[in-house]
Protein chains: 2
Amino acid sequence: MTRLWNDPADFADEMIDGFVAANGRYVRRVSGGVARATQTPEGQVAFVTGGGSGHYPAFGGLVGPGLANGAAMGNLFASPSTQQVLSVAKAVENGGGVFLSYGNYAGDVLNFDAAQEQLRAAGIPCQTVTVTDDVSSADKSEIHKRRGIAGDLTVFRIAGAAAERGANLTEVTRLARRANDRTRSFGVAFSGCSLPGADEPLFEVKPGHMAIGLGIHGEPGLGDADIPTADGLAEMLVNRLLEEVPDDVADVRGARVVPVLNGLGSLKYEEMFVVYRRIALLLEENGIVTVDPHVGEYCTSFDMAGTSLTLLWLDDELEDLWDTGVDTPAYRRGSVDTSPLVLASTDADEDDDVIGDADDASRGIAQTIAAGFDIWRATIDENVDELGRLDAIAGDGDHGIGMQRGIHAAQTAARDAAERGAGAATTLARAADAWSDRAGGTSGAIWGAILDTVAKTLGDVGVPEPAALAKGLENAKARVATFGAVPGDKTLVDSLDPFIDTFAELSERQSLADAWRAAAEAATDAAAATADMLPQMGRARAHHERALGTPDPGAHSLALLVTSLNDLFNRKA
Amino acid sequence: MTRLWNDPADFADEMIDGFVAANGRYVRRVSGGVARATQTPEGQVAFVTGGGSGHYPAFGGLVGPGLANGAAMGNLFASPSTQQVLSVAKAVENGGGVFLSYGNYAGDVLNFDAAQEQLRAAGIPCQTVTVTDDVSSADKSEIHKRRGIAGDLTVFRIAGAAAERGANLTEVTRLARRANDRTRSFGVAFSGCSLPGADEPLFEVKPGHMAIGLGIHGEPGLGDADIPTADGLAEMLVNRLLEEVPDDVADVRGARVVPVLNGLGSLKYEEMFVVYRRIALLLEENGIVTVDPHVGEYCTSFDMAGTSLTLLWLDDELEDLWDTGVDTPAYRRGSVDTSPLVLASTDADEDDDVIGDADDASRGIAQTIAAGFDIWRATIDENVDELGRLDAIAGDGDHGIGMQRGIHAAQTAARDAAERGAGAATTLARAADAWSDRAGGTSGAIWGAILDTVAKTLGDVGVPEPAALAKGLENAKARVATFGAVPGDKTLVDSLDPFIDTFAELSERQSLADAWRAAAEAATDAAAATADMLPQMGRARAHHERALGTPDPGAHSLALLVTSLNDLFNRKA
């Protein structure tokens, strides 16, 4: 369990501050995360990684010469926002283009892909390789759906080494993809972790048992078993990975691999060495040559007790790159030329903060929008624990805290805009940006997209018709659908669609207040059905069948939020 | 809790094997622990550290250029034996003498001091600096009695740097002492760890509470308190250490310190960064300049949840040394010249294994001695859990496992010697050596000394008189007294002395069997009184008033062992 924090909502930010304070000669703080403190030669590919916080040394601890140029650091177990990725990428881009690599999770894919699009739109070449090493998260026939765990280290190291040696973006991408194709991991867990401020762990494993194939956020695995001996575990890990030898490894006998025995937090070094002893013997018995073995903590999950074995199957090209020196806060190998410190911050420039024109009617609507965010903020504050609890049933328990961060940021931005005379569209658009930027993760991206889409139909002049709101909501539904989730996935979509459909139908012939109330009821009914299903849906997470197919209480929080506005619409009516 | 092991009795050995398998380019296995795999220049001081296992990266993880030359690796939380220290020292000695440094614990002092004497006797110059950084373990007026915790890192690093730069033994000693004089640590713990195979943790902290000043084996601290915020903890740690500024720091404002925020195992990086954020601010507010901050795991206690702050107050000389590169399995800084691998093992030579002459009478006694060890082995196997449980009341819970390792080794050695025709003295002496070598810790050293002393009076010819046995036991009593423990310390001495006194008195006028039985009863009575006192004695551990003043169930195990031989003496009578 996590024991030390100030305000849990500030945990990730304060963690980054402390990390930078302790590692000033390696990293500097930039908007959205950290960048190398040292200069890199002009024209070198900028390798940007990132992900949720809680996995140290992934991802900030892996920034430095020979590895990443920057890391976008999201909230606890939540993807960084699109703006975070973009901001870090712009801070480190140095004329050679941007290479993105991170573990394959829905929220990360959503936000990194959006950042990639924006970078390309800005004329900066960008390529991506997602890490998909966890053999237990999808079948071999759907290898691209697998999630990334400790294989991050091997893929990142090859990418960082290639960039360090001056490879261009195409080459870095090819080599990272090759490393990912030749990296496989398999792991087990003995206990879960509790996020700061949470009363309960994300999941529990029966004493004396272990969960097989568990992910690094408590995603369900393939089943459980009695804890074997250390030798027994070594055999299980090696045997499973020997079923997964990459197709282009001609002969296992004589093959050369880098083994990484990764600890998730509380399973400690001594135990891992006892397990590794047997792993080394088993690999040798199979005629496999081990190169530069790693036993330690490379991708953790707070204090979760568990371990995974990763094998990187080398070829000559990869093994040559593997020798490149690395010097980062948490990971150092070989010798690295001393690079001069970056003298001035080259952080991405701040948004210019000019509020556009609006008329009084639209400014009045903006005040109502701000009042709506006041209500939403209170609603989420009241329900944050319950949302976290619901999320922990099938997910990683951070839904409440993620919503809270987003809505606090949105409310502040909406109040600020409305008080400075912004119209309805600007006020809502600024709230949308703030939400997606501060919340990160999947829910931040979706809520940002919904509100931003609706804002576009409101305008900053005059009072919008109910039909404009209905049209905006329908556009939002269509935009969310492009993210890949469909009704029945037990996500926000399950209540978003009934809400919007009902509102569109009724707002043509009823008052705004009545239509809203009926739509909120439809959302609540849909959410209730979803919540009942959450326990059964847990297992589906392992399969990642759709980009946004991860069940969470998003439908429930949407229902809460829209219902909380019933009175506001009544007052206005 | 520890979850992975094979046979708990093999854990430490298998851990070392796995550690070496994973780090072959840094370390090689030598009898008693590990030595650098790379060559060191002739004439360089050989820095040997060591201690119990369970504190990784201390101690084996800190062996390599710029740090230690070798580490004697004891059993779990048990000091390495004298032979282990000696063997590692001989493997790495390279013409510049041996420098010993380790945490100040009774068992370690006993065994390292004995090794130092033997090295000097063999003509190898040897000096020692024990690490005494933990401010909560004794008052400032008795600073030499303090125990060593994460300050190991700063002292070792200065010693290693000095040796690396070619300082001679006197200089290395002076600089290490200076580093120790200027290193202070203070820590807290939130939960204990369980050793492999143990059913219960070594200690427990009430949920929501923390133990203040707790040692790295669960030694009691100064009291407990509610867990504060991360900022609150930072303030507690910094404030306590600012009360302990070394006398020769002229002015706190402008002073330069290396801060080390050390995690004990389950308190993770993210939490420590949040705490460090505030520590950095507090040090800055006090005008203190931080140099090369460390936040991570440098001296752990398995998966114990806790953290400590160490400050090394630099002067110019220490700061200059601090820049030296280090390249070890778990700790790397700066650049290090690549050193060639050691080509052939230069392990200390094996004992020549020739059994001396003996007559049939003495060989008969040797068979009885071996039979006695068979009984002792069964007795300890039966009572290993109970002894561990008793030890956990006031100690670190490893007494049972330590006795078991020692007695298994002794029994094997006795059987081997007896079967190869050894006489009584040789058989018992070999069992004594095996016990102290394999068990390590305080109990291993004491039992080895007792049996070795008794062996000297038995001879390898003829049947020894009862008086010879009594004389041997009295000599053993005198030898154990030189170690520093006195009756009433709640150690083995509490039952050893009544046993020997009673036997000496009665063996003059009663049968051997009767005298032994009465003496065993006296030992049992004394042990019972000792055991009752254990819970109250726990707190005394923090004070280290005597080298062997740490209460443990040694009196209890001695009583068990001598009583178990009653039947053997009856049969022989």
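Here is what the cut-offs are and how they apply
Residues numbered from 1 in each chain as written. Chains lettered and ligands numbered in written order. Predicted model: local features only at pLDDT ≥ 70, side-chain atom pairs only at ≥ 80, totals over all residues. Heavy atoms only, no water. Helix = DSSP H or I, 4+ residues; strand = E, 2+ residues; numbered from the N terminus. Rg over C-alpha atoms; globule rule 2.2 N^0.38 Å. Buried < 20%, exposed > 50% of the residue type's maximum accessible area, 1.4 Å probe, protein only. Contact = heavy atoms within 4.5 Å. Areas by Shrake-Rupley, 256 points an atom, 1.4 Å probe, with all protein chains shown as cover. Axes fitted to C-alpha atoms, helices over the stretch in contact; angles between N-to-C directions. Parallel < 35°, antiparallel > 145°, perpendicular 65-115°, else oblique. Left-handed = near helix turned anticlockwise from the far one by under 90°. Nonpolar A, V, L, I, M, F, W, Y, C, P; charged D, E, K, R; others polar. Least-squares fit on C-alpha atoms with pLDDT ≥ 70 in both. Pairing = 2+ DSSP bridges. Buried area = accessible area lost by both parts, 1.4 Å probe. Salt bridge = Lys/Arg side-chain N within 4 Å of Asp/Glu carboxyl O. Patch = residues over 30% accessible without salt bridge, like charges linked within 9 Å, V, L, I, M, F, W, Y side chains within 5 Å. Lys, Arg positive; Asp, Glu negative; His and termini not counted. Charge placed at Lys NZ, Arg CZ, Asp CG, Glu CD. Domains from an automatic or database assignment. Expected span 1.5 Å × (residues − 1). Phe/Tyr/Trp six-rings, centres within 6.5 Å; stacked < 30°, edge-to-face > 60°. Polar contact = N/O pair within 3.5 Å; in protein donor to acceptor, adjacent residues only side chain to side chain.

- Chain A has the name Erythrulose kinase in an unreviewed UniProt entry, where Microbacterium nanhaiense is given as its organism.

## Examining the overall build of chain A
Reasoning step 1: A count of helices and strands for chain A gives 17 helices and 15 strands.
Reasoning step 2: Scaling as 2.2 N^0.38, a compact globule of 573 residues should have a C-alpha radius of gyration of about 25 Å, and chain A matches this with 24 Å.
Reasoning step 3: Across the 573 residues in chain A, those meeting the buried criterion constitute 65%.
Reasoning step 4: Restricting the contact set of chain A to residue pairs at least 6 apart, pairs at least 24 apart contribute 76%.
Reasoning step 5: When the accessible surface of chain A is totalled, it reaches about 20,000 Å², and 49% of it is carbon and sulfur.

## Brief notes about the packing of helix H7 (residues 269-285) of chain A against helix H1 (residues 11-22) of chain B
Reasoning step 1: At a minimum axis separation of 7 Å, H7(A) and H1(B) run at an interaxial angle of 65 degrees. As judged from the angle between their axes, H7(A) and H1(B) are roughly perpendicular. In this structure, the crossing between H7(A) and H1(B) has a hand that is left-handed. Contact residues: H7(A) offers Glu270(A), Glu271(A), Phe273(A), Val274(A), Tyr276(A), Arg277(A) and Ala280(A), while H1(B) offers Phe11(B), Glu14(B), Met15(B), Asp17(B), Gly18(B), Phe19(B), Ala21(B) and Ala22(B).
Reasoning step 2: For the contact of H7(A) with H1(B), the class distribution of residues is nine nonpolar, one polar and five charged.

## Details of the relation of the copies chain B and chain A
Reasoning step 1: Mapping chain B onto chain A calls for a rotation angle of 179 degrees and an axial translation of 0.0 Å; the resulting RMSD is 0.2 Å. On the angle and the small slide along the axis, the relation comes out as a two-fold axis. Scanning chain B for the C-alpha nearest the rotation axis identifies Ser266(B), at a separation of 2.5 Å.
Reasoning step 2: Comparing interface residues between copies, 100% of those in chain B also lie at the interface in chain A; the contact surface is shared.

## Quick notes on the packing of helix H11 (residues 424-439) of chain B against helix H12 (residues 441-458) of chain B
Packed helices, taken two at a time, are described by the angle between their axes plus the distance between the axes.
Residues and elements named next belong to chain B.
Reasoning step 1: For the pair H11 and H12, interaxial distance at closest approach is 8 Å and the crossing angle is 170 degrees. The angle between H11 and H12 places the two elements in the roughly antiparallel class. Between H11 and H12, the contacting residues are Ala424, Ala425, Leu428, Ala429, Ala432, Trp435, Ser436 and Ala439 on the first element and Gly441, Ser443, Gly444, Ala445, Trp447, Gly448, Leu451, Asp452, Val454, Ala455 and Leu458 on the second.
Reasoning step 2: Classifying every residue of the contact of H11 with H12 gives 13 nonpolar, five polar and one charged.

## Side note on the pairing of strand S2 (residues 33-36) of chain B
Residue and element names in this part refer to chain B.
Reasoning step 1: Bridge count for strand S1 (residues 27-30) against S2 is four bridges, and the pairing is antiparallel. Residue pairing for S2: Arg29 is matched across the bridge by Val34.
Reasoning step 2: Between S1 and S2, which pair antiparallel one after the other, the connecting turn spans two residues, and Gly32 there sits at a positive phi close to 95 degrees.
Reasoning step 3: Pairing between S2 and strand S4 (residues 70-76): three bridges, direction antiparallel. The partner of Gly33 across the bridge, within S4, is Ala72.

## Points about the interface of chain B and chain A
Reasoning step 1: Contact with chain B, which involves 51 residues of that partner, is made by 51 residues of chain A.
Reasoning step 2: Roughly 4,500 Å² of surface becomes buried between chain B and chain A when both sides are summed, with 61% attributable to carbon and sulfur atoms.
Reasoning step 3: Ranking the residues of chain B by area buried against chain A places Arg3(B), Leu4(B) and Glu270(B) at the top, with a combined share of 18%.
Reasoning step 4: For the pair chain B and chain A, the number of links is eight salt bridges.
Reasoning step 5: Of the charged contacts, one joins Glu14(B) and Arg277(A) as a salt bridge, the two residues approaching to 3.8 Å between their closest N and O atoms.
Reasoning step 6: Of all the secondary-structure elements, those providing two or more residues to the side of chain B that touches chain A are H1, strand S7 (183-191), helix H6 (230-242), helix H7 (269-285) and strand S15 (332-333) of chain B.
Reasoning step 7: It is H7(B) that contributes the most residues to the side of chain B that touches chain A, nine residues altogether.

## Points about the environment of Glu14(B)
Reasoning step 1: Within the fold, Glu14(B) resides in helix H1.
Reasoning step 2: With a relative accessible area of 9%, Glu14(B) lands in the buried category.
Reasoning step 3: When residues no more than four places from it in sequence are discounted, the contact partners of Glu14(B) are Phe273(A), Val274(A), Arg277(A) and Asn6(B).

## Considerations on a negative patch on the surface
Residues and elements named next belong to chain A.
Reasoning step 1: A cluster of acidic residues, Asp199, Glu200, Glu204 and Asp385, forms a negative patch at the surface.
Reasoning step 2: The topology assignment puts Glu200 in the loop between strand S7 (183-191) and strand S8 (209-212).
Reasoning step 3: With a relative accessible area of 57%, Glu200 lands in the exposed category.

## A look at the domain arrangement of chain A
Reasoning step 1: Entries for chain A in the domain assignment read domain 1 (8-326) and domain 2 (360-572).
Reasoning step 2: Each of domain 1 of chain A and domain 2 of chain A has a C-alpha centre, and these two points are 33 Å apart.

## Section: H7(A)
Reasoning step 1: For H7(A), which comprises 17 residues, the first-to-last C-alpha distance of 24 Å matches the rise-based estimate of 24 Å (1.5 Å per residue) to within 8%.
Reasoning step 2: Taking burial as the measure, the 17 residues of H7(A) include 13 buried ones, the bulk of the element.

## Some points on the packing of aromatic side chains
Reasoning step 1: A complete count under the given rule lists 38 aromatic pairs over all chains for this structure.
Reasoning step 2: An aromatic cluster of at least three residues, connected via ring pairs, comprises Phe19(A), Tyr56(A), Tyr269(B) and Phe273(B).

## What to know about the sheet that holds S1(B)
All names here are of chain B.
Reasoning step 1: As summarised here, the arrangement of the six strands in space is S1-S2-S4-S3-S5-S6, forming an open sheet in which the pairing is mixed. What marks the edges here is a single partner per strand, and that holds for S1 and strand S6 (126-131). Ignoring strand direction, the axes of neighbouring strands in this sheet form an average angle of 25 degrees.
Reasoning step 2: The pairing of strand S3 (residues 46-53) with S4 spans five bridges and is classified as parallel. Note on S4: the bridge partner recorded for Gly50 is Ala72.
Reasoning step 3: Each of strand S5 (98-103) and S6 touches helix H5 (residues 169-181); the most contacted strand, S6, lies at about 10 degrees to it.

## What to know about the side chain of Thr324(A)
Residue and element names in this part refer to chain A.
Reasoning step 1: In this fold, Thr324 is placed in the loop between helix H8 (316-322) and strand S14 (326-327).
Reasoning step 2: On the accessibility criterion, Thr324 (11% relative accessible area) is buried.
Reasoning step 3: A polar contact is formed between the side chain of Thr324 and the side chain of Arg165, at a distance of 3.0 Å.
Reasoning step 4: Among the polar contacts listed, one links the side chain of Thr324 to the backbone oxygen of Leu321, at a separation of 2.7 Å.
Reasoning step 5: In this structure Thr324 touches Arg157, Ala161, Glu164 and Arg165, once residues within four positions along its chain are discounted.

## Some points on the side chain of His294(A)
All names here are of chain A.
Reasoning step 1: Structurally, the position occupied by His294 is in strand S12 (residues 294-296).
Reasoning step 2: With a relative accessible area of 0%, His294 lands in the buried category.
Reasoning step 3: Among the polar contacts listed, one links the side chain of His294 to the backbone oxygen of Asp292, at a separation of 2.8 Å.
Reasoning step 4: Residues contacting His294, with those up to four places away along its chain left out, are Leu153, Arg157, Val258, Pro259, Val260, Leu261, Trp322, Tyr331 and Arg333.

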